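Spelled out, the chains give:
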Amino acid sequence: MENIRQAVERAKGRPQQHGGVGFEPSLQPNRRSFGDTNEPKERAEEIELDLAHLHSKRIVAYDGKDLHSRHFDMLRTEVLRSMDLKGWKTLAVTSPTPNCGKTLTAINLALSMARQPERQVLLADLDLRKAQVAGSLGLKCREGVLGVIEGRIDVDRAIICARAGGSRLEVLPTASTSDSSDLVGSSAMKNLLHDITGHGPSRIIILDLPPLLTGHDVITILPQVDCVLLVAAVGTSTISEIEECNKHLQTTDVVRFVLNKVPESEAGYAYC
Ligand SMILES: Nc1ncnc2c1ncn2[C@@H]1O[C@H](COP(=O)(O)OP(=O)(O)OP(=O)(O)O)[C@@H](O)[C@H]1O
Ligand SMILES: [Mg+2]
């Protein structure tokens, strides 16, 4: 906690940069097949993501040569080292309050991991109040998570296979709903999480979650994840909010803390 406190204190009051904080990733065409085990019988066609759209959303990690990708690649390396060591497969990305950069971090981290040929990566949008993953990637969400938990579609059919640059990943998008709390706590959601985590040892699942302190959704999901990446932002997050998160995360492994929107000159301590 002390290193987190120091990072936030050092960055406090400095102007935000528009680069990013400390992560990287990317995608590649036809490099490997999805689902080494339990491969779904029917798999949707692979969709090529629009790189100009991704760039406009600060999504860069499909391109390992992009300078901003290096932060996500460093984060990827550290997160995967910890996850591999413990045999963890499911990573939840959350933050104290809104607008800290969870979705951007989750997407870039997923793309960075997906550049590694041996990794199979599924990015799932479980922020049912404020779905952002499909829009950020330029994808249309047809049924997605809501379709699965409301019984209209099988999870394998809701997953979109996407490709961008050197990265190839699976995306489980969602539409937003006002019913979020009820749905997140439902047995259908538990089954969905069980299904997507049961695809064999090579699949990493990244969950883009809502903020931890603005509702019960994250606390409800936490027992079903292996570890958490906590994203805070300079100029948005306070020490007391991070301490409050820490209390909620007492029984959950926090694999890394990311301090986002850090000035370029301070990027060296962007995560710990
Ligand atoms: N390092 C950064 N530098 C500049 N802008 C950033 C950075 N990180 C995120 N942003 C911008 O901040 C805004 C919020 O980012 P994002 O949507 O990823 O946050 P979030 O935590 O998912 O928000 P919400 O709680 O609303 O889901 C976006 O416009 C995003 O482009
Ligand atoms: Mg978000």
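Note: the structure precedes this text.
Residues numbered from 1 in each chain as written. Chains lettered and ligands numbered in written order. Predicted model: local features only at pLDDT ≥ 70, side-chain atom pairs only at ≥ 80, totals over all residues. Heavy atoms only, no water.

(A) Broad picture of the overall build of the chain. Broken down by element type, the chain carries 11 helices and eight strands. Each of the 272 residues in the chain was classed as buried or not, and the buried ones make up 57%. For the chain, the accessible area works out to roughly 11,500 Å², and carbon and sulfur atoms hold 48% of it. (Helix = DSSP H or I, 4+ residues; strand = E, 2+ residues; numbered from the N terminus. Buried < 20%, exposed > 50% of the residue type's maximum accessible area, 1.4 Å probe, protein only. Areas by Shrake-Rupley, 256 points an atom, 1.4 Å probe, with all protein chains shown as cover.)

(B) Up close: the sheet that holds strand β3 (residues 120–125). If you trace the eight strands from one edge of the open sheet to the other, you get β1-β4-β5-β3-β6-β2-β7-β8, paired in mixed fashion. Each edge of the open sheet carries a strand with a single partner, namely β1 (46–48) and β8 (253–260). Averaged over all pairs of adjacent strands, the angle between strand axes in this sheet comes to 25°, irrespective of strand direction. Both strand β2 (residues 90–94) and strand β7 (residues 227–233) contribute to a ladder of four bridges, which runs parallel. Residue pairing across strands places Leu91 opposite Cys227, the latter belonging to β7. Sheet strands in contact with helix α4 (residues 102–114) are β2, β3, β5 (167–172), β6 (203–208) and β7, and its direction is about 165° off that of β6. Each of β2, β3, β5 and β6 touches helix α9 (residues 187–197); the most contacted strand, β6, lies at about 145° to it. (Pairing = 2+ DSSP bridges. Axes fitted to C-alpha atoms, helices over the stretch in contact; angles between N-to-C directions. Contact = heavy atoms within 4.5 Å.)

(C) A look at the coordination of the magnesium ion (ligand 2). Donor atoms from the polypeptide that bind the magnesium ion (ligand 2) are Thr103 (OG1) and Gln132 (OE1), placed at 1.9 to 2.1 Å. Of this pair, Thr103 sits in helix α4 while Gln132 is found in the loop between β3 and α5 (133–137), placing the two residues 29 residues apart along the sequence. Look at Thr103 and you get buried, because its relative accessible area is 8%. (Donors = N, O, S within 2.8 Å, 3.2 Å for Na, K, Ca; no water.)

(D) A look at the packing of helix α3 (residues 69–86) against α4. Relative to each other, α3 and α4 sit at 75°, their axes nearing to 9 Å. By the angle between their axes, α3 is roughly perpendicular relative to α4. Contacts from Phe72, Asp73, Leu75, Arg76, Val79 and Leu80 in α3 reach Leu104, Thr105, Asn108, Leu109, Ser112 and Met113 in α4. Here the contact of α3 with α4 is built from residues that sort into seven nonpolar, three polar and two charged. (Parallel < 35°, antiparallel > 145°, perpendicular 65-115°, else oblique. Nonpolar A, V, L, I, M, F, W, Y, C, P; charged D, E, K, R; others polar.)

(E) Structural view of the side chain of Asp208. Inspection of the secondary structure puts Asp208 in strand β6. A polar contact of 2.7 Å, which involves the side chain of Asp208, links it to the side chain of Thr103. Excluding residues that lie within four positions of it along the chain, Asp208 makes contacts with Val93, Lys102, Thr103, Ala106, Ala124, Asp125, Leu126, Asp127 and Val133. (Polar contact = N/O pair within 3.5 Å; in protein donor to acceptor, adjacent residues only side chain to side chain.)

(F) Representation of unusual backbone geometry within the structure. Residue Asn99 is not a glycine yet carries a positive backbone phi of 70°. Within the secondary structure layout, Asn99 lies in the loop between β2 and α4. The exposed category is assigned to Asn99, whose relative accessible area is 56%. Positioned with a positive phi, Lys261 is a non-glycine residue whose angle comes to about 60°.

(G) Region of interest: the environment of Pro98. Turning to its location among the elements, Pro98 is positioned in the loop between β2 and α4. On the basis of relative accessibility, which here comes to 39%, the residue Pro98 falls in the partly exposed class. Ignoring any residue separated from it by four or fewer positions in sequence, one finds Pro98 in contact with Pro211, Thr214 and Thr236.

(H) Representation of the side chain of Lys102. Tracing the sequence through the fold places Lys102 in helix α4. The buried charged residue Lys102 lacks any salt bridge, with Asp127 as its nearest oppositely charged partner at 5.4 Å. Leaving out residues up to four positions away in the same chain, Lys102 has contacts with Val93, Thr94, Ser95, Thr97, Asp208, Leu209, Pro210, Pro211 and Val231. (Lys, Arg positive; Asp, Glu negative; His and termini not counted. Salt bridge = Lys/Arg side-chain N within 4 Å of Asp/Glu carboxyl O.)

(I) Just the pattern of salt bridges, in detail. With the rule as written, the count across this model stands at 12 salt bridges. In this structure, Asp73 and Arg76 form a salt bridge, with 3.4 Å as the shortest nitrogen-oxygen distance. Taken together, the residues span about one helical turn, with Asp73 and Arg76 both in helix α3 at a distance of three residues. Taken as a pair, Asp73 and Arg76 share a single burial class, namely buried. Residue Arg256 pairs with Glu78 through a salt bridge whose shortest N-O separation is 2.9 Å. Of this pair, Arg256 sits in strand β8 while Glu78 sits in helix α3, placing them 178 residues apart in sequence.

(J) View of the pairing of β3. For β3, the tally of buried residues reaches six of six residues, placing the bulk of the element in the interior. Neither face of β3 is left uncovered, since the one carrying Gln120, Leu122 and Ala124 and the one carrying Val121, Leu123 and Asp125 both have all their residues buried. Note that β3 and β6 share six bridges and pair parallel. Within β6, the position partnered with Ala124 by the bridge is Leu207.

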